[in-house]
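Take a look at the letters that make up each chain.
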Amino acid sequence: MLNIVLFGPPGAGKGTQSEFLIEKYELVHLSTGDIFRFNIKNATELGQLAKSYMDKGELVPDQVTISMLESEVNKHPHAPGFIFDGFPRTEAQALALDGFLASMNESITCMLALEVEETELKTRLLQRAKTSGRLDDADPAIIQNRIDVYNRETAPVAGYYQQRNKYHGIDGVGSIEDISNRLFQAIETTVNS
Ligand code: ADP
């Protein structure tokens, strides 16, 4: 299986690039943010809980997020691989993911980390707010909180994969196509090494 963690701060382009990766490698795309938003739209209990954190730019608690992710993976027993987009966002999530995959005799192939600096992220998120309808994109204070939470809780997850020689930093600035090609190249390098 090809199991990719697509990583990066809010607004780095994970969702956009996932589209190209799933098409090329026929992977199942699991975006925890999208799954939470689907639950909010359908007014589920999970959605109601997630919304209370997401609207403030906080992380949804690990236990809830991990069990949701595991049940999503279990829905695709014949998948050729997964793109994990927006997960893991904490070291506890990274450990849980490794343990869960190991129980299926699987593992993460690599982490692809989109690197974009903070001012560019803020510009992109405010731009996205015009069409996304996302409350967490529209308010500069919430955007700042998401970036702070990322720096504090999520950025250390990169170290987790660096220690395991699975980390690839990718320049996330440029044309969408150039960035896709950088991602494809990193995957080819990993798979052929
Ligand atoms: P972005 O990457 O643009 O911030 P996402 O759609 O990935 O957006 O996530 C939106 C929100 O959903 C996050 O701010 C957080 O509240 C929640 N969320 C998504 N993934 C996770 C996760 N793995 N753990 C905890 N909360 C999450």
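Residues numbered from 1 in each chain as written. Predicted model: local features only at pLDDT ≥ 70, side-chain atom pairs only at ≥ 80, totals over all residues. Heavy atoms only, no water.

On to the packing of aromatic side chains, then. Tallied over the full model, the rule gives four aromatic pairs. Ring centres of Phe7 and Tyr150 lie 5.9 Å apart, and the angle between their planes is 45°; this geometry places the pair in the tilted category. One end of the pair, Phe7, is in strand E1 (residues 2–7); the other, Tyr150, is in helix H8 (residues 140–154), and 143 residues separate them in sequence. On the basis of relative accessible area, Phe7 is assigned to the buried category, the value being 5%. Judged by its relative accessible area of 14%, Tyr150 falls in the buried class. For Lys24, the ring lying beneath its charged end belongs to Phe184, and the centroid distance is 4.8 Å. (Phe/Tyr/Trp six-rings, centres within 6.5 Å; stacked < 30°, edge-to-face > 60°. Helix = DSSP H or I, 4+ residues; strand = E, 2+ residues; numbered from the N terminus. Buried < 20%, exposed > 50% of the residue type's maximum accessible area, 1.4 Å probe, protein only. Lys NZ or Arg CZ within 6 Å of the ring centre and 35° of its normal.)

To continue, consider the pairing of strand E4 (residues 110–115). For E4, the tally of buried residues reaches five of six residues, placing the bulk of the element in the interior. For E1 and E4, the ladder comprises four bridges, and the chain directions are parallel. If you follow Phe7 over to E4, its bridge partner there is Ala113. By the bridge criterion, five bridges tie E4 to strand E5 (residues 167–171) in an arrangement that is parallel. Within E5, the position partnered with Leu114 by the bridge is Ile170. (Pairing = 2+ DSSP bridges.)

Here we take up the nonpolar core. With 23 residues, the main nonpolar core has Val5, Phe7, Phe84, Leu97 and Tyr161 as its most contacted residues. Mapped onto this core, the elements with two or more residues apiece are E1, strand E2 (28–31), helix H4 (62–74), strand E3 (81–85), helix H5 (91–102), E4 and helix H9 (156–163). Leaving out residues up to four positions away in the same chain, Phe7 has contacts with Lys14, Pro88, Met111, Leu112, Ala113, Leu114, Tyr150, Thr154, Ala155, Val157 and Ala158. In this structure, Leu2, Ile4, Leu114 and Leu183 belong to the second largest nonpolar core, which totals 22 residues. (Core = buried A, V, L, I, M, F, W, Y, C linked by side-chain atoms within 4.5 Å. Contact = heavy atoms within 4.5 Å.)

Turning our attention to the sheet that holds E5. Sheets are built from strands that pair by backbone hydrogen bonding, the pairs being arranged parallel or antiparallel. Strand order across the open sheet formed by five strands is E2-E3-E1-E4-E5, with parallel pairing between neighbours. The strands lining the two open edges of the sheet, one partner per strand, are E2 and E5. Averaged over neighbouring strand pairs, the angle between their axes works out to 20° when direction is ignored. One ladder, built from five bridges, connects E1 with E3; its direction is parallel. Of the residues in E3, the one forming a bridge with Asn3 is Phe82. (Axes fitted to C-alpha atoms, helices over the stretch in contact; angles between N-to-C directions.)

Following both chains from N to C, one finds helix H2 (residues 32–41) and helix H3 (residues 45–54) inclined at 120°, their axes separated by 7 Å at the closest point. The orientation of H2 with respect to H3, classified from their angle, is oblique. As H2 runs across H3, the sense of the crossing is left-handed. Where H2 approaches H3, its residues Gly33, Phe36, Arg37, Asn39 and Ile40 are matched on the opposing element by Leu46, Gly47, Ala50, Lys51 and Met54. Considered class by class, the residues forming the contact of H2 with H3 number five nonpolar, three polar and two charged. (Parallel < 35°, antiparallel > 145°, perpendicular 65-115°, else oblique. Left-handed = near helix turned anticlockwise from the far one by under 90°. Nonpolar A, V, L, I, M, F, W, Y, C, P; charged D, E, K, R; others polar.)

What follows deals with the pattern of salt bridges. Counting across every chain of the model gives twelve salt bridges. The salt bridge partner of Lys51 is Asp55, with a shortest N-O separation of 2.7 Å. A residue is classified by how much of its surface remains accessible, and Asp55, at 27% relative accessible area, is partly exposed. Linked by salt bridges that have partners in common, Arg128, Arg134, Asp136, Asp137 and Arg146 make up one network. (Salt bridge = Lys/Arg side-chain N within 4 Å of Asp/Glu carboxyl O.)

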